[in-house]
Amino acid sequence: CKNLIAVLEHPKDLRSVGIFIKNVHALGVEKVCIISSDPDLPAQMQALRGRYIWASPSVSPKRWSFLEVYPSSLEGIQHLKSRGFVSIASGTHTSSKVHKSLDSVNFTILKKLAIWFGHDSQNLSSAAIEEAKFCVHIPMAGLVDHLSLGTSSGIILYEATKQRREYASFLAEKRQWKKEMAELQRARTHNA
C-alpha cells in the first residue's frame, strides 16, 4: 500500500520489533519508521537479520530496505509532515483527542497516512498523540483491556491495507469505465 507508513515509537523488545516488521511486510505497508534514541538499535537490528525468526522468506533482509530510524518523535513527526503524511495514533489514550473505533475508521480519506504504535508496556508519547489527527482503537469485549504490539499492529494494519487496496481497485475500475465510455462516445461521434 503506497503512501502508508507504520511508525513504532520507542520499542523496548527487539522480538516485538521483529513481529511488527513482519506484519508490515506481510500486509504490504510501504515503509516502517522506528523512533528510538538507542544508538545501538540499528546495529542490533542488523544482527537480528541472520537469526532464524528473521530468515524466513516473508521477512528476508531484502525487504528491510524501507526501514527508517529517527532519534526522537519530533524528528519523525517533522520528517513525515515535510513529506505530506498525516498521522493517526493507535490505542486508547487519555488525551482530548478524538477516539475512533477501528470498525468506524475510513483509511482511504487520507492519501498519505502514518499510523503510530507504541510498544507493549507504554502508550505513545504526548508529541505523537498531539500530532495525530485522531486515535484509533480496537473494540474489545473481553476481560483483557489491551493487546500486544504484534497483535494490535496486525489487526489495525490489516484493516488499513484492506480498505486502501479495495479503494485502489475501485479507482482503477472507475478509470477503465471512463476510458471505455470515452471510446464509445468517440466511436458514436465518428459514425454519425
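Scoring rules and cut-offs
Residues numbered from 1 in each chain as written. Predicted model: local features only at pLDDT ≥ 70, side-chain atom pairs only at ≥ 80, totals over all residues. Heavy atoms only, no water. Helix = DSSP H or I, 4+ residues; strand = E, 2+ residues; numbered from the N terminus. Contact = heavy atoms within 4.5 Å. Areas by Shrake-Rupley, 256 points an atom, 1.4 Å probe, with all protein chains shown as cover. Buried < 20%, exposed > 50% of the residue type's maximum accessible area, 1.4 Å probe, protein only. Arc of directions from axis to C-beta. Phe/Tyr/Trp six-rings, centres within 6.5 Å; stacked < 30°, edge-to-face > 60°. Lys NZ or Arg CZ within 6 Å of the ring centre and 35° of its normal. Pairing = 2+ DSSP bridges. Axes fitted to C-alpha atoms, helices over the stretch in contact; angles between N-to-C directions. Core = buried A, V, L, I, M, F, W, Y, C linked by side-chain atoms within 4.5 Å. Polar contact = N/O pair within 3.5 Å; in protein donor to acceptor, adjacent residues only side chain to side chain.

Draft legend 1. Broad picture of the overall build of the protein. Counting secondary structure elements, the protein contains six helices and seven strands. Listed N to C, the secondary structure of the protein is β-α-β-α-α-β-α-β-β-β-α-β-α in terms of helices and strands. Sequence separation of 24 or more characterises 82% of the internal contacts of the protein that already satisfy a separation of 6 or more. A total accessible area of about 11100 Å² is found for the protein, and carbon and sulfur atoms account for 55% of it.

Draft legend 2. Region of the structure containing helix α4 (residues 73-82). The set of residues buried in α4 consists of Ser73, Gly76, Ile77 and Leu80. Considered in projection along α4, the buried side chains sweep an arc of 100° and stay on one side of the axis. Exposed and facing more than 90 degrees away from the buried side of α4 are Leu74, Gln78 and Ser82. Residues of α4 that are buried make contact with β1 (4-9), β2 (31-35), β3 (67-70), β4 (86-90), β6 (113-118) and α5 (126-131). Just beyond α4, the residue with positive phi is Gly84, at close to 85°.

Draft legend 3. View of the packing of aromatic side chains. What the rule picks out here adds up to one aromatic pair. Relative to Phe117, the ring of Phe20 has its centre 5.5 Å away and its plane inclined at 70°; by these criteria the two rings are edge-to-face. With Phe20 in helix α1 (residues 14-27) and Phe117 in strand β6, the pair connects residues that are 97 residues apart, well separated along the chain. Here Phe20 matches Phe117 in class, with each residue buried. Over the face of the ring belonging to Phe134 we find Lys100, whose NZ or CZ atom lies 4.4 Å from the ring centre.

Draft legend 4. The arrangement of the sheet that holds β3 in detail. Here seven strands make up an open sheet; going across it, the order is β3-β2-β1-β6-β4-β7-β5 and the pairing parallel. In this open sheet, the two strands that pair with only one neighbour each are β3 and β5 (99-101). Strand after strand, the sheet turns through a mean of 30° between neighbouring axes, direction not considered. In this structure, β2 lies alongside β3, joined through four bridges in parallel fashion. Paired with Val32 across the bridge in β3 is Leu67. Of the strands in this sheet, β1, β2, β3 and β6 touch α1, which is tilted by about 155° from β2. Each of β1, β4, β6 and β7 (135-137) touches helix α6 (residues 149-191); the most contacted strand, β6, lies at about 165° to it.

Draft legend 5. Fine view of the nonpolar core. Of all hydrophobic cores here, the largest spans 27 residues; its most connected members are Phe107 and Ile115. Counting 16 residues, the second largest nonpolar core, distinct from the first, contains Val7, Cys33, Ile35 and Trp116.

Draft legend 6. Highlighting the environment of Glu68. For Glu68, the position within the fold is in strand β3. Sequence separation between Glu68 and Val7 is 61 residues; the distance between their C-alpha atoms is 9.3 Å. Not counting residues within four places of it along the chain, the set of residues in contact with Glu68 comprises Lys31, Val32, Cys33, Ile34, His79 and Arg83. A polar contact of 3.1 Å, which involves the side chain of Glu68, links it to the side chain of Lys31.

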